[in-house]
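Letter by letter, the chains look like this.
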Amino acid sequence: MKTIKIGAHNVTLKLPYSFPKQDAIAMVDLDKKVIVMEGGYPVAVTLSSLLHEILHMIDYQGALGLWGRDVDEAGTEEKIDALAEALTQVLIDNKMINPNFMAMLKRESAKKSK
Ligand SMILES: [Zn+2]
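Described below are features of the structure shown in this document. The residue numbers shown here count from 1 along each chain, following its written sequence. Per-residue local features are limited, in this predicted model, to residues with pLDDT of at least 70; the limit for side-chain atom pairs, both in listing and counting, is 80 or more; totals at the level of whole chains, interfaces and linings are taken over all residues.

### Considerations on the overall build of the protein chain
- Helix numbers and strand numbers start at the N terminus; a helix is a DSSP run of H or I with at least 4 residues, a strand a run of E with at least 2. Scanning the protein chain for helices and strands turns up three helices and four strands.
- Each helix and strand of the protein chain, placed in order from N terminus to C terminus, yields the pattern β-β-β-β-α-α-α.
- Each radius of gyration is computed over the set of C-alpha atoms, and the globule rule expresses the reference value as 2.2 Å times the number of residues to the power 0.38. Here the C-alpha radius of gyration of the protein chain, 14 Å, is about what a compact globule of 114 residues would show, namely 13 Å.
- Seen through its principal axes, the protein chain has C-alpha atoms that stretch 35 × 35 × 25 Å.
- Relative to its full complement of 114 residues, the protein chain shows a buried share of 24%.
- Placing C-beta atoms from the backbone, we regard two residues as in contact once those atoms come within 7 Å. Summarising the internal contacts of the protein chain: among those between residues at least 6 apart in sequence, 54% fall at separations of at least 24. Labels follow a simple rule on C-beta atoms placed from the backbone: if 20 or more others lie within 10 Å of a residue's own, it is buried; if 12 or fewer, it is exposed; otherwise it is partly exposed.

### Some remarks on the pairing of strand S1 (residues 2–6)
- Any two strands with at least two DSSP bridges between them are considered paired. In this structure, S1 lies alongside strand S2 (residues 9–14), joined through five bridges in antiparallel fashion. Bridge assignment links Lys2 to a residue of S2, and that residue is Leu13.

### Overview of the nonpolar core
- Counting residues in each nonpolar core, the largest one holds 17 residues, and the members touching the most others are Ala26, Ile35, Met37, Leu50 and Leu51.
- Those elements that provide at least two residues to this core are S2, strand S3 (26–29), strand S4 (34–37), helix H1 (43–61) and helix H2 (76–93).
- Residue contributions to this core peak at four residues, all from H1.
- Setting aside residues no more than four positions away along its own chain, Ala26 makes contact with Ile35, Val36, Met37, Glu38, Ser49, Leu50, His52 and Glu53. A set of buried residues qualifies as a nonpolar core if it consists of Ala, Val, Leu, Ile, Met, Phe, Trp, Tyr and Cys joined through C-beta atoms within 7 Å.

### Looking at the sheet that holds S3
- One open sheet holds the four strands; their spatial order is S1-S2-S4-S3, and the pairing between them is mixed. The sheet terminates laterally at S1 and S3, the two strands that pair on one side only. The sheet shows a mean angle of 25° between the axes of neighbouring strands, direction not considered.
- To define axes, lines are fitted to C-alpha atoms, for helices over the stretch in contact only, and angles between the resulting N-to-C directions are given on a 0 to 180 degree scale. Packed on one face of the sheet, H1 meets S1, S2, S3 and S4 and runs near 25° to S3.

### Some thoughts on the packing of H1 against helix H3 (residues 99–110)
- With their axes 9 Å apart at the nearest point, H1 and H3 run at an angle of 105° to one another. Our classification of the angle between H1 and H3 gives roughly perpendicular. Taking contact as the criterion, the partners of Val43, Thr46 and Leu47 in H1 are, on H3, Leu105, Lys106 and Ser109.
- Gly counts as polar in this scheme, as do all residues outside two lists: the nonpolar Ala, Val, Leu, Ile, Met, Phe, Trp, Tyr, Cys and Pro, and the charged Asp, Glu, Lys and Arg. Along the lines of polarity and charge, the residues of the contact of H1 with H3 split into three nonpolar, two polar and one charged. Angles below 35 degrees are treated as roughly parallel, those above 145 as roughly antiparallel, those between 65 and 115 as roughly perpendicular, and all remaining angles as oblique.

### Quick notes on the packing of H1 against H2
- At their nearest, the axes of H1 and H2 sit 8 Å apart, and the two run at 125° to each other. Between H1 and H2, the interaxial angle falls into the category oblique. The hand of the H1/H2 crossing is right-handed. Note on element contacts: H2 touches H1 through Ile80, Asp81, Leu83, Ala84, Glu85, Leu87, Thr88 and Ile92, opposite Ala44, Leu47, Ser48, Leu51, His52, Leu55 and His56.
- In terms of residue class, the contact of H1 with H2 is built from nine nonpolar, four polar and two charged. By convention the crossing between two helices is left-handed if the near helix lies anticlockwise of the far one by an angle smaller than a right angle, and right-handed if it lies clockwise.

What follows is the structure, encoded as structure tokens:
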């Protein structure tokens, strides 16, 4: 369990988290400020999924409406995925992530959720 700051908020990161039903790698609770992530995935998948949830939070907090007012609006997930993937590539390939944070992500994402 780790806390990350997104905007003015402390967001709890639960990794590895075991979903009752395995139908997602990660989810964010925008009101409770919690991101839960399934373990057992390669670090790039974990980072991309984390950035995906962070983008949801940024969009929600800023009421940016980048992807429409409704997070479930058609195309929302695909656009957020595309941005998360692009950011993952730039951050990893250019070693722009704090090594301690990257090491924590590698270690925790390697753990299988129970
Ligand atoms: Zn999403």
